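# Breakdown of the fold
One letter stands for each residue in the lines below.
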Amino acid sequence: MEKTSVRVLCPKLLIIRNVSGLQWLIGSPFFPQFTIVSTLTCIHTLGDSTSPDYNKESEDLRTLLLRGFHVIGALVVGSKCDLERVAGEAADASRRMRKFLYGDEYGGKLGNQDLIGAVADSESGEIHFFVSRGENPAGLECVSSVIYEDNSGKYVWDTGCLLHCVLPIKLPFYFPVNSPSDAGEMYLRATDVIIAKLKDSDVTYMVETLNETSVEAPGPVILHGAKLDFHADLFDVNQFGDSSQGSGAKSFPCSYFCSKNKAVFSVEHADIIQVSLLLNKSRTSSKSAAPIAEYFPASEQTKLLVVDYKLEVLCYAAKDLPVTYAVSKLVVPGLVDQLNSIKNTILPNLLTQHLQLHPYHFCPPGFLHPITVIYELSYGETEMKQVEVRRSLHSRLGLPFDRPLLRIANALNLSTTKDSAKSNSIRKVSGGVVSLVQGSYEYYHYLQDGFDDSGWGCAYRSLQTIVSWFRCQHYSSIEVPSHREIQQALVEIGDKDPSFVGSREWIGAIELSFVLDKLLGVSCKVINVRSGAELPEKCRELALHFENQGTPIMIGGGVLAYTLLGVDYNESSGDCAFLILDPHYTGNDDLKKIVNGGWCGWKKAVDSRGKNFFLHDKFYNLLLPQRPNMV
């Protein structure tokens with residue numbers, strides 16, 4: 001008998017110490033069997049029990065999961081005894097979830113799928129994997145080996161791509177004025193008509209590349225609804241193995257639209273195929289006739305109601321999958337799923353509230369693939385109802401609760417072409433581990449915006465860069481303060497005299513902490529060292545800061561201030577390097593000039609010529625801003 005192995009792609013399974021519960025294991029029909037790409041925590045249970053509420057869970061997962069990914073098992077966290085029984089219950093839960101999610105979509109094959117049942121110790125994190133065979137679900141098979149993939153990004157995106165489809169919908173329907181309760185039925189009928197049109201023989205799908213803008217970019221491919229097979233079984237991927245069969249559009253694999261040379265494998269650099277829907281009503285006929293308008297008088301007074309929203313679907317496909325199957329078995333079912341999700345949200349509020357629903361796609365830290373969320377835009381992002389929605393999503397996805405990762409501004413931007421992949425900066429430490437600032441920031445430096453602060457404004461510029469980081473991560477919407485506004489804040493809290501405003505006096509780490517507290521409500525930690533020679537001794541602490549907090553650090557020593565963006569640290573040898581963003585730059589905002597000139601780059605405490613970057617006769621203060629606890 002062939003040995004059974006499980007392959008784990010996700011950087012970590014969502015096992016939180018001393019927190020029990022159930023997690024859905026996510027795989028893909030395009031990966032080898034028992035390949036786990038991510039996990040989603042079960043957050044809806046029945047009453048006080050631990051049994052999943054399959055209705056609510058399936059509704060959430062149907063929205064979150066891209067077509068091209070599916071549930072392949074479940075993991076129970078917290079049990080130490082009777083492992084096989086608990087693993088069997090986990091596998092049964094995943095089998096039942098699949099039936100709620102997919103129903104009869106794949107015929108009778110769902111019940112015969114081999115699924116993973118796993119049990120994890122919440123204290124030690126040790127995981128025991130079992131397999132429940134479809135033909136004998138009561139019997140469990142212990143997994144012989146577990147493979148943790150090192151280059152999981154390449155595993156997913158070297159042979160996979162995304163399909164993107166946007167479909168604006170304006171849905172008019174009438175209902176009797178004297179019978180408003182019929183509005184729901186009329187709306188459901190109108191929605192069913194839209195779903196039927198997606199598979200109509202008159203529908204046309206135009207498929208083209210979204211990434212490539214060069215002259216060598218492949219031209220679009222047209223797919224006609226009459227030629228699409230909406231009954232093929234996506235779970236049986238072997239039927240798609242030879243995309244050369246047939247002729248015309250059917251012979252094109254998804255790879256036809258993908259770039260041939262990729263250096264970076266991630267969602268941000270994934271190949272994206274754009275799918276557009278067109279409805280052709282110009283039938284060819286031997287008889288010519290003028291358009292005909294038909295009039296159907298209503299038997300009673302009616303009211304017109306128009307519901308409008310925009311569907312935006314992402315799907316994952318193997319690059320060797322023919323585009324015909326990608327559209328018929330991924331894109332179209334994805335549109336139907338999203339249409340039904342929006343319909344179920346709108347229906348209870350059809351006559352009382354005009355909901356503004358919009359889908360967004362995110363790829364939070366630790367995830368190899370995007371997830372989809374539908375937000376109600378009537379609520380502001382800081383309103384409690386919206387905050388609770390995001391908090392629930394953070395819980396399901398295992399995300400920290402001290403940083404906003406699922407706000408609208410965090411969503412993937414799929415409307416623009418991607419830049420070519422940039423190589424990593426040259427590293428300075430052999431065998432070191434790089435810890436970097438998390439997220440985006442803006443570079444502030446001398447003479448920027450026409451303001452001459454050369455010789456005295458470096459700490460102000462470092463503070464502006466730090467404030468920009470909190471703006472870019474959506475912790476705050478305040479404008480980056482000017483030098484004068486920074487000085488005014490220090491006067492208002494009583495740290496400086498009024499004459500300080502408009503002066504050219506220096507500020508240091510302590511003043512920066514006061515301003516961050518007043519303007520952003522951000523607290524800071526300060527590290528003091530007596531000499532620049534002692535800074536390498538703080539590398540372990542700085543690495544932990546970047547791993548846990550991820551904010552830029554201000555370094556002030558003597559008359560100079562810098563912004564620290566990361567460290568490269570070899571714990572065994574103690575060797576280290578500092579990624580410095582230098583505010584003393586006075587040129588224009590030319591990225592190539594800034595990087596090539598060393599204004600943003602790795603610096604050793606002592607370079608190859610024996611020169612000290614940090615002065616040994618000056619003390620240094622390091623300002624470490626702390627993340628606020630918010631989502």
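Residues numbered from 1 in each chain as written. Predicted model: local features only at pLDDT ≥ 70, side-chain atom pairs only at ≥ 80, totals over all residues. Heavy atoms only, no water.

As recorded by an unreviewed UniProt entry, the protein carries the name Probable Ufm1-specific protease and is attributed to Vitis vinifera.

## Digging into the nonpolar core
In this structure, W24, L163, Y205 and Y309 are the most contacted members of the largest nonpolar core, which totals 103 residues. The residues that make up this core include at least three from each of domain 1 (5-150) and domain 2 (158-235 + 252-282 + 300-397). Of all hydrophobic cores here, the second largest spans 59 residues; its members include Y444, A577, F578 and A605. (Core = buried A, V, L, I, M, F, W, Y, C linked by side-chain atoms within 4.5 Å. Buried < 20%, exposed > 50% of the residue type's maximum accessible area, 1.4 Å probe, protein only. Domains from an automatic or database assignment.)

## Examining the confidence of the model for the protein
For the protein, per-residue confidence averages 86 on the pLDDT scale, and 87% of positions sit at 70 or higher. pLDDT under 50 marks residues 241-247. Its contacts with residues more than four places away, or in other chains, come to eight contacts. In this model, residues 416-425 is a region of pLDDT below 50 whose contacts with residues beyond four sequence positions or in other chains number 13 contacts. (pLDDT = per-residue confidence, 0-100. Contact = heavy atoms within 4.5 Å.)

## Examining the pattern of salt bridges
Opposite charge on two side chains allows them to pair when their charged atoms are near. This model, assessed by the stated rule, comprises 19 salt bridges. A salt bridge links E141 to R133; the shortest N-O distance between them is 3.2 Å. Across the pair, R133 and E141 agree in class, each one buried. The partner of D453 in a salt bridge is R461, and the shortest N-O contact between them spans 2.7 Å. Judged by relative accessible area, which is 0%, D453 ranks as buried. Here the residues in one salt-bridge network are E57, D60 and R396, joined through shared partners. (Salt bridge = Lys/Arg side-chain N within 4 Å of Asp/Glu carboxyl O.)

## Looking at helix α10 (residues 539-548)
All of the buried residues in α10 are C539, L542, A543, H545 and F546. End-on view of α10: buried residues confined to an arc of 155 degrees, all on one side of the axis. Buried residues along α10 sit in contact with β17 (433-436), β18 (524-529), β19 (553-557), β20 (560-569), β21 (576-581) and β23 (620-625). G550 occupies a position one or two residues after α10 and carries a positive phi of about 75 degrees. (Helix = DSSP H or I, 4+ residues; strand = E, 2+ residues; numbered from the N terminus. Arc of directions from axis to C-beta.)

## Looking at the side chain of H445
As for its placement among the helices and strands, H445 is situated in the loop between β17 and α7 (458-472). The class for H445 is buried, based on a relative accessible area of 1%. There is a polar contact of 2.7 Å between the side chain of H445 and the side chain of D589. Contacts of H445, omitting those with residues within four sequence positions, involve R461, P583, Y585, G587 and D589. (Polar contact = N/O pair within 3.5 Å; in protein donor to acceptor, adjacent residues only side chain to side chain.)

## As for the sheet that holds strand β7 (residues 127-132)
Strands sit in the order β4-β2-β5-β6-β7-β8 across an open sheet of six strands; the sheet is mixed. If you trace the sheet from one side to the other, it starts and ends with β4 (38-41) and β8 (140-142), each paired once. If you compare each strand with its neighbour and ignore which way they point, the axes differ by 30 degrees on average. With three bridges joining them, β7 and β8 adopt antiparallel strand pairing. Bridge assignment links S132 to a residue of β8, and that residue is L140. (Pairing = 2+ DSSP bridges. Axes fitted to C-alpha atoms, helices over the stretch in contact; angles between N-to-C directions.)

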